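Fold and contact review
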Amino acid sequence: MATPSPGYSITLRVETPASFTATSELAAAVAAAGAAITALDVTESHHDSMVVDISCNTVDAAHGERVSAALDELDGVQVRKVSDRTFLMHLGGKLEVVPKVPLRNRDDLSRAYTPGVARVCMAIAENPDDARRLTVKRNTIAVVTDGSAVLGLGNIGPAAALPVMEGKAALFKQFADVDAWPVCLDTQDTEEIIKIVKALAPVYGGVNLEDIAAPRCFEIEQRLRDELDIPVFHDDQHGTAIVTLAALQNALKVVHKKIEDVKIVVAGVGAAGNAIIQLLKAQGALNIIACGRNGAISRTETYTDAHRTWLAENTNPDNFTGTLHDAVAGADVFIGVSGPNVLGEKQVAAMADDAIIFAMANPDPEVDPAIAAKYAAVVATGRSDFPNQINNVLAFPGFFRGLLDAGVSDITPEMLVAAAHAIADRVSADELNASFIIPSVFDPHVASDVAAAVASAAAAK
């Protein structure tokens, strides 16, 4: 998939002979090399030379090098420096701690810290519930990972997972004013993770589990839900399921099909795949085929884990056996939460008329969206540089905002469905079309609508 992406954005600082056509010649060379220019600034101008900063999106790191080489080949042009804008954004991290109270003088210090803070400590010691009222606990989420299943990158460990968790925390704050902090654990032992999170729980009003590999993630979430008095939400499962349901509701309206009538194939039977299937079934889907690495999950096989066993018993009504490629033949909907390039043009062409394709693997989807769009009526991915981005940020900030505002610890299926409806409803009937089935993550009303829907579902419980 050779499409320039902001994820590979670079800035080239270029020295060039001064002329009326210098900037246009540089821009033409960058465009001819296949990059997408996003900004061009003259930073120095002399009688015989100019220095120009050219920012552009490239396909990958190697493409950036080719763009730089193309400029160097121009007469009199010298590329002084190439800066990777993604790495520049991450220098020093993406988070900071900022006091919410003034600390201007001794009086302020005496209230915020010693001696005054001792009174607040004793009040909480006498009534532990006051911690929600008098500390950060009421609005703070722990973003917990062990680094075992990070994005589409796999088991890269807690340190390498930190940039993702920082980003997650920043999104909480940006979209729902929820304070969150990355907690990257240097262990992948189930019991140890549970023990550590329980020990940290007094600080937080909720726990967002992130990028923990299946099947351990299922036990970790369930145990923590049973043993803590704060909400525990595995975003890879439930956040993905919420936004998938929201997108599918609207996509089915575009193609004039009903969820109970369509054949749905789900590639990936880990955390996200399981949660998506459970939520779709709860909304009336009758014909779902789940496919793992070895093909369709069916009742002809015996599975050693409870989750594949549940899938075998509750999906694939015709007991289909075969590969993913076999399964998508005639399918109305393909939902991918697996890995890159598992489908090709032949498989997409074999799907039903007016097919729907959600290729959500990141950073590279299950099928090239350009190829998918040749045959499918609706195409969506998890990427921000294509139409119809199915992104968990539509769900988790508002979902936790609603939980915190309602002061509840239990997470119910009704809350998940309510959140999905709130997201889907942000796209009006007049706006709905094949390229706009789900709202932008920058829609300022999404988080508040989701929060209100979750709080209302909690109140109705």
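Quantities reported herein were computed from a predicted structural model and do not represent experimental measurements.

If you trace the four strands from one edge of the open sheet to the other, you get 2-3-1-4, paired in antiparallel fashion. The open sheet has two free edges, formed respectively by strand 2 (36–45) and strand 4 (78–84), since each of these has just one partner strand. The sheet shows a mean angle of 20° between the axes of neighbouring strands, taken without regard to direction. Bridge count for strand 2 against strand 3 (residues 49–58) is eight bridges, and the pairing is antiparallel. Paired with Ser45 across the two strands is Met50, which belongs to strand 3. The sheet contacts of helix 1 (residues 22–32) involve strand 1 (5–17), strand 2 and strand 3, and relative to strand 3 the element is tilted by about 25°. Contacts from helix 2 (residues 61–72) reach strand 1, strand 3 and strand 4, with the element oriented near 15° to strand 1.

For the rest of this paragraph, the subject is the packing of helix 8 (residues 190–200) against helix 9 (residues 216–227). Running from amino to carboxyl end, helix 8 crosses helix 9 at an angle of 35°, the nearest separation of the two axes being 10 Å. Here the hand of the crossing between helix 8 and helix 9 comes out right-handed. Mapping the contact onto sequence places Thr190, Glu191, Ile193, Ile194, Val197 and Lys198 in helix 8 and Arg216, Glu219, Ile220, Arg223, Leu224 and Glu227 in helix 9. Of the residues assigned to the contact of helix 8 with helix 9, the class counts are five nonpolar, one polar and six charged.

On to unusual backbone geometry, then. Cis geometry is adopted by the peptide bond preceding Pro115, which originates at Thr114 and carries an omega value of 5°. A cis amide bond links Ala214 with the next residue in sequence, Pro215, at an omega value of 5°. Looking at the element boundaries, Pro215 is found in the loop between strand 7 (206–209) and helix 9. One non-glycine residue, Asn316, lies in positive phi territory at about 55°. When you line up the elements, Asn316 lands in the loop between helix 12 (306–314) and helix 13 (324–327). Owing to a relative accessible area of 1%, Asn316 belongs among the buried residues under this scheme. Although it is not a glycine, Asp354 adopts a positive phi angle of roughly 55°. By the element assignment, Asp354 lies in the loop between helix 14 (345–349) and strand 13 (356–359).

Quick notes on the rules
- Residue indices follow the written sequence of each chain, beginning from 1 at its first position.
- Confidence filtering applies because this is a predicted model: local features only for residues at pLDDT of at least 70, side-chain atom pairs given and counted only at 80 or more, and all residues used for totals across whole chains, interfaces and linings.
- Remark: hydrogens and water are excluded; side-chain values derive from all non-hydrogen atoms of the structure.
- Pairs of strands are assigned from DSSP output, requiring at least two bridges between the strands.
- Elements are defined by DSSP. Helices are runs of H or I of four residues or more, strands are runs of E of two residues or more, and each kind is numbered from the N terminus.
- An axis is simply a line fitted to the C-alpha atoms; with a helix, the fit covers only the stretch in contact. Between two such axes, the angle follows the N-to-C directions and lies from 0 to 180 degrees.
- Contacts are residue-level and defined by heavy atoms, with any inter-residue pair within 4.5 Å sufficient.
- Crossings are classed by handedness, with left-handed meaning an anticlockwise turn of the near helix from the far one by less than a right angle and right-handed meaning a clockwise turn.
- Charged residues are taken to be Asp, Glu, Lys and Arg, nonpolar residues to be Ala, Val, Leu, Ile, Met, Phe, Trp, Tyr, Cys and Pro, and polar residues to be all remaining types, Gly included.
- Between buried and exposed lies partly exposed: a residue is buried under 20% and exposed over 50% of the maximum accessible area for its type, with that area taken using a 1.4 Å probe on protein chains only.

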